[in-house]
Every structure is written in structure tokens, then in C-alpha cells.
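If you want the building blocks of each chain, they are given just below.
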Amino acid sequence: MARERRPQMLLATVLVSLLLKLSFSQLLAPYSTSFEAGQESWSVLVRDWACPCPAATFNFSSSIARRSGNSGLEVAIAVPSDQGWHVQAQSPHLSLASNQAYTACVWLRAAATLGGSGLISFSLLNAETYETLGWAGTAVSTNWVQLCMNDVILDTNVVTYYTLDFGLNTGTVFVDDLSVQARALPASPSPSPSPSPSPINTMMNTSFEAGQEGWNTLVRNWECPCPEATFNFGSSAAAHTGGKGVQVNVQVASDQGWHVQLQTPVFSVKAGQRYTACVWLRSAAPMTGSGDVWMNLLKTETYEGLGWKHGTVTSSWAQLCMMDVQPSTDAVVYVTVDLGVNTGTYYLDDFTITTDANVVTPSPSPGPSVVSGSLTAPYSTSFEAGQANWAGSKKNTACPCPAASFDFYSAAAMRTGSAGVEITVQVPSSERWHVQLQSPQFAVNTSFMYTACIWLRTPAAAAGGLAAGNHVPFVMLETGTYGMFTSGQALVTSVWSQVCLMDFRPSRNTTAFFTLDLGQSTGTVYVDDFTFTARPDYTPLEVDYVSPVAITNRIDTLRKGSLTFRFINATSGQPITQSLSRVELNLARHDFPFGTAMEWDGVPADKLSWYLGRAKHHFNALVPEWSFKWPSIEPTKNNTANRYNYLMSNHVQFAADNDFVMARGHTLEWLIPAPGFGDHWSRQDGCDAYRAYLETRIKREVTNFKGKFNSYDVFNEITHDRDFVEHCPGMWPAILHDGFRWAHQADPDAQLCINDYGLITGDDWQAMITYVSGMLSAGVPINCVGVQAYVPLSNRPSPAYMRIRLEALAALGVDIVITEFNFWTSWSAAGNPVWEGTDAEHAALYEEYVPFWFSLPYIKGILMWNFWDGTNWITNGGIYRLDGSPKDSALAVDDMWNHRWRTHVNLTNVALTNGEKTINGFYGKYNYSLQLDGRTFTGVVNFPARGGSAQVVTIPLA
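The rules behind the values
Residues numbered from 1 in each chain as written. Predicted model: local features only at pLDDT ≥ 70, side-chain atom pairs only at ≥ 80, totals over all residues. Heavy atoms only, no water. Helix = DSSP H or I, 4+ residues; strand = E, 2+ residues; numbered from the N terminus. Contact = heavy atoms within 4.5 Å. Areas by Shrake-Rupley, 256 points an atom, 1.4 Å probe, with all protein chains shown as cover. Lys, Arg positive; Asp, Glu negative; His and termini not counted. Charge placed at Lys NZ, Arg CZ, Asp CG, Glu CD. Disulfide = S-S within 2.5 Å. Buried < 20%, exposed > 50% of the residue type's maximum accessible area, 1.4 Å probe, protein only. Core = buried A, V, L, I, M, F, W, Y, C linked by side-chain atoms within 4.5 Å. pLDDT = per-residue confidence, 0-100. Pairing = 2+ DSSP bridges. Salt bridge = Lys/Arg side-chain N within 4 Å of Asp/Glu carboxyl O. Phe/Tyr/Trp six-rings, centres within 6.5 Å; stacked < 30°, edge-to-face > 60°. Polar contact = N/O pair within 3.5 Å; in protein donor to acceptor, adjacent residues only side chain to side chain. 1 Å grid on protein atoms, 1.4 Å probe; cavity = no way out; pocket = protein on both sides within 12 Å on 5 of 7 lines; lining within 4 Å. Points joined across faces, edges and corners; volume = space filled by probe spheres on them. Nonpolar A, V, L, I, M, F, W, Y, C, P; charged D, E, K, R; others polar. Axes fitted to C-alpha atoms, helices over the stretch in contact; angles between N-to-C directions. Expected span 1.5 Å × (residues − 1).

A word on the overall build of the protein. For the protein, the count of helices and strands is 12 helices and 55 strands. In the protein, the proportion of contacts linking residues at least 24 apart, taken out of those at least 6 apart, comes to 78%. As displayed, the protein has an accessible area near 38200 Å², and 52% of this comes from carbon and sulfur atoms. Separation between the mean location of the 58 positive side-chain charges and that of the 81 negative ones in the protein comes to 7 Å.

Pasting the structure below:
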């Protein structure tokens, strides 16, 4: 089945929680254990899904793991993983309060030097949302070391638990003497009766005369190669005032500033107040590297960036200030100074944090709110000033690494003005983000919809340009978390084209930045003219277009017409003049396809009759969910008989028996690397052989199913996957064009579609437009774009959002079919979506989207991706439960297609005008029954939409 993808950027703890939603008794701090009573209420996790998987054992009563008492926890990791949380010990649940600061400590050592990173992570998680509330980590040696997570302060009372993550290592780790202590926070002072004499209050002021005090340091020591650095908080050479400062010696630099970091103690900030942090710094000698340094204000719980400032260090003292940061909410925060990209010696001194305590937060302005250090919409650049706040990023750790260059002053890359950005990738990488153009960060909030656009092209391939059909993702990421908000793709050609992320509304106030990801490409790309705009909402006309009233009116106008019955004497041919005593007319089958994916395999024998009955009741179109895909229909070369017989006796026969208006073949080719596809026999004999195999496959299937299937997805999800063919010189996109030509040769009357996701739930529609317009220009017989619409419950794309994208696709002049749709709330650890909402919410989504799609003139069909929980790839995603009982969504679908959008006419004493009677109804097939002179006449008439809005049918009466 074709599936809507979601970026795999979830916290590991979310995945853990989906499998281990356990109920613990809730303890209170202080809490401690030396594991004398064994496991108590602790839990363990060794990931055993989406393997290869780690292997590990836990012994909570190990005498050799004791530091005190008689026993401790022994964790033996035989096979490591790529994530620490894949091997995890979890504490009992603890109820923590907002008026306390919590410090948790645990003692660890290794039995022998560990294999792997040696890193053990210690985390505090919200037991309900799985949000990370605190974190600490350390590299473990054979000596006992205490790892502490200090002074975690919570915004609200919350139930939590602690985790220890071991999965990056091999070997044995001993754990003992874990404690959680609480201390009460000082009471807030009473409000001052009058303003203080000075509006500026100093919150922190240190010249490091007392040494390190509560400051922390970070030198990244995981996922190496890693930086090397030392910190001296009592250096006389580093003094700007007084006798001491901080000396930081970076012996080995890294590719990220935060990999070597100086961190302040945590402190609290208030919404609406302005905060300024300053530090004096210089280098002992000119640094090796860019000289770039950064100051950041981060939330302790989420590491969300609230403000930042960039500077360049020289050998002269200079003050770096992050000014007037104004948080939107109360928060516990800390400031970092990031020093990791240079080699040499830094001196830092005289750090201050001040607040303008008398600031009154102004009323919301008409524009987006500002986070200091971040830019706001509107913003634009044609790179006339060069790099400004933009960055070029290349992965240079855990190599092999890409090789790439960025020129921010390139005349060749100019679209407007005199310069643009020229990016040349000499050596590609395994991931697109390994070579990345990054925008400045922007403040975004929930009151606005944002649109970002950028122009790209590539020189001709002979002049060093990208190969034909090369995709460049354009991505919007949250600062700090790197969570993906939205994305689109540019299909880069030698002609300038614009890619946009349009009308995205964030779910929270935050900061974000944009990237162009080029790591899997080889060649040169030109980039210019970036714009970032905001608007509060859709225009009144856009809002009205998707209103229920407008949708109902469009349905009545587009999906209904006038059908005139002309009754004549069968002998004379003259019009019937007398009245008919009764006329009854019933829509037996819609002309508009509303269908479902179906498979007979997987439906228990005792459910099959019910399953087919429900399909017949609700639908007039179908598509095989998986049995028509190439690995299923031809698992080995020329072995097709089994699936042919299955499809013919089930899908084809069922559609014919029930007079279905559409039966689709999905899909003739799907270029994914997944098992069954990437290792299919057709891709094992080289490029030329694959082309011949595909031609045979397409012509054979379309010929054999001619007149049985009337619509095909020729290629599936090509904006996301083009496995194998991209590695065949000259094959892509030529094979795409050939596939459609071969299908058309086999059945010139079939509807030929290209099917994909992200077209109306994201911004991949632009790449699709480039593909289809190129195909049409080349005379390729494509006449349909298949649109997948897997819609989430939360932060979902609105009908207005979809309309813009649908109309852009329809402007190509091809049909639009909603080929797959369903609704989901989250993704499971197994990698499939899940519905966890209520029945009412599920039904409401059907009411929100199905009428909207039905009301659009260019949409020629709607198909859901299976309707029963027993066979639906979205867990609980069907409109019928596993036991066959209908959900509210089944009742909603039934009301739409069998009542609300059904024409039923029952008239008596019907006077005819010149033998004619006109009714208004939905297009489709009608059963009629009428009485004349005591005689009853019955029959069937067709009223197809293709016949026009006013049609006449002649009924001879004997």
C-alpha cells in the first residue's frame, strides 16, 4: 500500500512509551534506591522491533554491581544499537511539584573499557507526554563516577520518570545508589509598591573571581570524531577585570559551535520582560577557523532557543551582547557560549544578565511577535550583501563525508541583481541534509500563516549541472529541536523555478529556519531571491469558498443536472398526453466514483460475506491494495498465474457484478528500496534488462486487464523515491515517459495517473507540476494526477490549504483523483500510523473533507484506503471496527452517499408537457417505475455527467 510518510524525528522516549504504557504507583521525592530489594518497580527496555536490534540483559540483584550495600544493577550489552534509548532502565513514576528544584544523581562504572561511545544518558521524562524535562550524560570508565542532573525546575506539577540509556555501547555497566532530592524554591518577593529607581536589574554578574561557581561545560564526546577542549575557570591570563577569567583551549575543533560550550547556571525568566546577556571575550592569538562564536538563550526542559547572537572573536577584547530577548512565556533557562568551530585559546570574563523589569508587554501588534536574535516576516534577500546571516553546512563527522563549496557572491548564480549563491557538491553523501544551505532563524507564532519561497536552477549537465530529474528538498525546521514543520521539493532544471512552502501555521510560538538539502546530489545549483512573508488568515473569499454553504451549492451545481423524460407511444412514436398516475425514480448507482482499497486475503472466512456486503453498500469503485503491485503479481520472473486468477476472480468479478464505475490498477511500478521492491528480480540484471522487464510488465498487465481496470497508477510516489533508476545513466526521467507510453499503447482508453503523497498535505506539488508539465510538453499520454490524502487530526491542512495546491495541479489540464485517504493521530513504534481519536472526531473529519473534495469540479474520484479495522494499515483507522460494528464515520459516509447525495423521486398524478417531465438529480444510473392507465412500466436509464447538465431520455410505452 502507498503510505504517507512522516519525518522520523520523534523523541526516542515517545517510541518507548507506545510499547510500554505501564501503570506505576506514583512515588514522591526524595526517593533513593541502592537496589537492595532488587528490581522493585523499575522497568527495562531492549528494543526488539525495526531490527537489526540490540541484545542486552539486566540483573537488578548483582553483587558485583554494588557500590554500597549488597547489590546493584548490572547491565550487559552484547549487541549495541545506533540510539542510546534502545537499551534502557526506567525508574518508577515520581510525582514532582512546580515549587521545587530537583537534583537526581546515580553512580556508574564499567566492568571493563566499553566498546562504542562510552556515553550513558540520564533523562527525566514527563510520564504522560514523554517530553524531556532534564538531561545529563557522561562517559563511563572503570572507576565509579557520579552522574547528576542538577536543579531541574518544572513549570507545573507533573508525573515523571527517570531513564538510563546504555544502547550506544558494548560491555557491562554497573549502576548503584540512585537518589532524587528536592529543595524548595524561595518564595517570590512581594510586589514593590512603586517602581524601582532604575528599570535595569542585574540578575547575574560574575568576573569569575570565585572560579567555576555554578557554571557548566560541554565537550561533545559521542558520535565521534569529536572535539577536544579544556576549561580553566581560574586563569589570570583570561582576566578582563579583576584577577581571573575563563580560559578555553580548543585543541581539536568540530563542525558545530555547540560541541564546545560554556553554560551558565539556570535561572528563571518572565513573559513580557526583556533580558540582555553580555560577555567580554578575546583570543590569545588569531584562531584557526572562522572565528565564529555564538551566544544562545535556551529553555532547560526542551532546549528551545529563545534568542541568539553571533559574533567573531579577535585578539582584542570585545563585548558580545544578546540584547532585549523577550520571552512569550515564563521559563527556566540558561545561556550558552558556543566555541566549537575554531582551534586556539579563548579568554572570557565579565558576564552579566540584566532585565528591564518595568517593561509592560504591549498589546499584540498586527505583525508577528519578535524573538530577539531572530528575524521576522516580511524578509527577503537576493544575496546582494553576500552571506549575511545565511550558512553553508557540510557534515564532517563520522565520515566518509561529502565535499561541497558555497559561494555567496556568485555572479553566475544571479537571477536578479548581481549575485546569488552557487553551491557545488563534488562528493555526495548518504543523506541529503549532509550538505545544506541554511537560512537565518525566524520568529513564528500561531497567529500567522507563513510562506517561504526560493528560486533555483542548475547549469546544463555538460557545464557541471545536476543530472536530470534531481530533487532538492526545501525544509522548515524548528530551531533547537530540528523538528520538521513542513517541506517541499524542487525538481531542479536548467530553467529558474520557484519552490514555496505556503501558508504554514505553526502549532506553537517558536523560532524556525529553512534549509535546502543537497547532500545526495553531484554538481552545481544556483540559488537566489528568498522571500519570507506572513498573513493572519485566508482572505474572506478563500474562507467563503470552503464554507459548508458554498460546498453544498457547488455540489448541487456540479454533481446534479436536469434529466428530461420523454414518454412516447411505442407504436405511433407520438408523445404521451395523459397524466401518469405515479412516477418513482431512484438513483441506483452514482456516476461519481467513491471507492475503497480491497483485498480478499486477510479477511477471515466468517467475515468475508459481511466485508463484501459493506463494500457493495458504500462504494462504487475499488482498487487492489497490494496484489497488483509487481512483487505480488510476479514474485519470480514470468510467474503471474496465481495472482492473475486471484485478481480476476475477486476484484474484477466483484466490480463487474456490482456495476462499479471505476476499478483501478495500483501500481505498475513503485521505485522504493524497501524489501520486496529493492531486491525484486527485475532490478538484479542491470539497467538495460530492467527497462525491458518493465516494458513487458506494463504492456502485459494493461493488455490483460483492458476493459476490466479503467484507471492505472503507472508510477507511484516518484517525488520521494526513484530507487535503482537514478543510478542508471540517462534512464531517469526517460523511463517515466516510456512507462506511460507503453500503458497507452496497451489501452488507449485507460486513465493513466501518476500517484503521490505530500501534494495537498505538504508542498511536494511543485515537483509534481514540473514532472507533469514536462511530460505533457513531450507528448506523454498522462491524463491524471493521483493525490494521496492521509490527514492528521492535529495541525491538519485545512480545505483552504488544500484548495491552493489542488487548483495548481488541476491547472495542468489533467484529472485529479483522490486515490488514497484516511485519518490518523500518531505513528506507532512499528512504523505505521494509528488512530487514537474519538469516534466523533473521526466522523467530523469525513464531514470536513469528503464533501469539500466532492464539490471540486476537477476531482474525478475519491477512494479511501480500506474501510475495516481488520485490514486497514492505519491501526483503528477504518470506519468499521474489528467486530464489524459501524463507527460514527461509517454512519457519516452512509448519510452522504446513500441519503444526502441520493436522488429519490416519488410523484403522483404527474401531468406531462408535450409528453415530457423533467427532474433534477445526481448523475448516475436510475431505476424507474411508472403507472399509466393501470399498467406499470419499469426500467433503467443512465444519466452520466459526461452527457452534460441537461439531458433527454426517451421512454417508449407500449
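For the coordinates displayed, the defined rule picks out five disulfides. For Cys278, the disulfide goes to Cys321, at an S-S distance of 2.0 Å. The S-S bond linking Cys278 to Cys321 shows a torsion near 120°; that makes this disulfide right-handed. Taken together, the residues span a long stretch of sequence, with Cys278 in strand 21 (residues 274–283) and Cys321 in strand 24 (residues 318–325) at a distance of 43 residues. Using a relative accessible area of 9% as the deciding quantity, one classes Cys278 as buried. Its relative accessible area of 16% is what places Cys321 among the buried residues. Residue Cys753 pairs covalently with Cys784 via a disulfide, S to S 2.1 Å. One disulfide, between Cys753 and Cys784, carries an S-S torsion of 95° and so falls in the right-handed class. With Cys753 in strand 45 (residues 751–756) and Cys784 in strand 46 (residues 784–792), this residue pair connects regions lying 31 residues apart in the sequence. Cys784 shares its class with Cys753; the two are buried.

Next up on the list: the nonpolar core. Grouped together as the largest cluster of nonpolar side chains are 135 residues, with contacts concentrated most on Phe740, Leu806, Phe821, Trp853 and Ile859. Per-element tally for this core: the top contributor is helix 11 (residues 839–854), with eight residues. The residues touching Phe740, leaving out its near neighbours within four places in the chain, are Val714, Phe715, Leu752, Cys753, Ile754, Met775, Val780, Pro781 and Ile782.

A separate point is the confidence of the model for the protein. Taken residue by residue, the protein gives an average pLDDT of 88. The fraction at 70 or more is 93%. Long-range and interchain partners of residues 358–372, a stretch whose pLDDT sits below 50, account for 33 contacts in this model, where long-range means more than four residues apart.

On to the pairing of strand 13 (residues 158–165). Of all the eight residues making up strand 13, eight are buried; the element is thus mostly covered by neighbouring parts of the structure. Along strand 13, one buried face is formed by Val158, Thr160, Tyr162 and Leu164 and the opposite face, lined by Val159, Tyr161, Thr163 and Asp165, is buried too. Pairing geometry for strand 6 (residues 87–90) and strand 13, over three bridges, is antiparallel. Within strand 13, the residue paired with Gln90 across the bridge is Thr163. Pairing of strand 7 (residues 94–96) with strand 13 involves three bridges; the strand directions are antiparallel. Paired with Leu96 across the bridge in strand 13 is Val158.

Looking now at the pattern of salt bridges. Counted under the stated rule, the structure contains 30 salt bridges. Between Glu726 and Arg722 there is a salt bridge, and its shortest N-O distance comes to 2.6 Å. With relative accessibility at 4%, the residue Arg722 sits in the buried group. A salt bridge links Glu847 to Arg900, with the nearest nitrogen and oxygen atoms 2.9 Å apart. Separated by 53 residues along the polypeptide, Glu847 in helix 11 and Arg900 in helix 12 (residues 888–900) bring together distant segments of the chain.

Turning to the packing of aromatic side chains, a few remarks are in order. Tallied over the full model, the rule gives 62 aromatic pairs. Measuring from ring centre to ring centre gives 4.9 Å for Phe592 and Phe854, while their planes differ by 70°; the resulting arrangement is edge-to-face. Remark: Phe854 occurs in helix 11 and Phe592 occurs in the loop between strand 40 (580–590) and strand 41 (594–598); sequence separation between them is 262 residues. Taken together, a centroid distance of 6.0 Å and an interplanar angle of 75° make the contact between Trp732 and Tyr771 edge-to-face. Of this pair, Trp732 sits in the loop between strand 44 (711–716) and helix 8 (734–746) while Tyr771 sits in helix 9 (residues 765–777), placing them 39 residues apart in sequence. A single burial state applies to Trp732 and to Tyr771, both of which are buried.

Attention now goes to the environment of Ser81. Following the sequence through the fold, Ser81 ends up in the loop between strand 5 (72–79) and strand 6. Accessibility expressed as a relative area gives 16% for Ser81, which makes it buried. For Ser81 and Cys51, which are 30 residues apart along the polypeptide, the C-alpha to C-alpha distance reads 9.6 Å. Ignoring anything within four residues of it in the chain, the contact list for Ser81 reads Pro54, His86, Gly167 and Leu168. Here His86 takes part through its side chain, which lies 2.3 Å from a polar atom of the side chain of Ser81.

This part is about empty space enclosed by the protein. Applying the stated rule across the entire model yields three cavities of 30 Å³ or more. Around the largest cavity, the lining residues are Phe565, Phe567, Val583, Leu585, Val905, Lys917, Ile919, Tyr928 and Leu930. Sorting the residues of the lining of the largest cavity by element identifies strand 39 (560–569), strand 40, strand 52 (916–922) and strand 53 (924–932) as the ones contributing at least two each. A breakdown of the residues in the lining of the largest cavity according to their chemical character gives eight nonpolar, no polar and one charged. When its volume is computed, the second largest cavity comes out at roughly 50 Å³. Phe267, Val269, Tyr275, Thr276, Ala277, Leu297, Met322, Val325, Val335 and Ile353 together form the lining of the second largest cavity. Only strand 20 (267–269), strand 21 and strand 24 provide two or more residues apiece to the lining of the second largest cavity. Among the elements that make up the lining of the second largest cavity, the one with the highest residue count is strand 21 (three residues). In the lining of the second largest cavity, the residues fall into nine nonpolar, one polar and no charged.

Turning next to the sheet that holds strand 40. The four strands lie next to each other as 51-40-53-54, forming an open sheet whose pairing is antiparallel. Here the strands that pair on one side only, and so sit at the sheet edges, are strand 51 (904–910) and strand 54 (935–943). The average angle at which neighbouring strand axes cross in this sheet is 15°, direction not considered.

On to the sheet that holds strand 41, then. Sheet strands line up and pair through hydrogen bonds in the backbone, either parallel or antiparallel. In space, the eight strands of this closed barrel follow the order 41-42-43-44-45-46-47-50, with parallel pairing throughout. Strand-to-strand twist across the sheet, computed as the mean angle between neighbouring axes with direction ignored, equals 30°. Of the pairings in the sheet, the one linking strand 45 to strand 46 comprises four bridges and is parallel in character. Looking across to strand 46, one finds that Asp756 is bridged to Val787. In this fold helix 11 packs onto strand 41, strand 46, strand 47 (815–824) and strand 50 (859–864), with an angle of close to 175° to the strand it touches most, strand 47.

What follows concerns the side chain of Ser632. Among the secondary structure elements, Ser632 is positioned in helix 5 (residues 630–633). A relative accessible area of 17% places Ser632 in the buried class. Setting aside anything within four residues of it in sequence, one finds Ser632 in contact with Trp626, Ser627 and Arg643.

With that settled, consider helix 7 (residues 687–704). Helix length check: helix 7 (18 residues) gives 26 Å between terminal C-alpha atoms against 26 Å at 1.5 Å per residue, within 8%. Restricting attention to buried positions, one finds in helix 7 the residues Tyr690, Tyr693, Leu694, Arg697, Ile698, Arg700, Glu701 and Val702. On the buried face of helix 7, the contacting elements are helix 5, helix 6 (641–657), strand 43 (662–670), strand 44 and helix 8.

Here the bond from Ala377 into Pro378 is cis, since omega is 0°, no more than 30 degrees from zero. You can see Pro378 is positioned in the loop between strand 26 (344–356) and strand 27 (379–381). Note the cis peptide between His666 and Thr667, where omega equals -5°. Following the sequence through the fold, Thr667 ends up in strand 43.

Turning our eyes to something else, we now look at the environment of Asn509. Tracing the chain through its elements places Asn509 in the loop between strand 36 (497–504) and strand 37 (510–517). Once the C-alpha coordinates of Asn509 and Val250 are considered, the two residues, 259 residues apart in sequence, prove to be 36 Å apart. The residues contacting Asn509, other than those within four sequence positions of it, are Glu304, Ser328, Val444, Asn445 and Thr446. Separated by 3.0 Å, the side chain of Asn509 and the backbone nitrogen of Thr446 make a polar contact.

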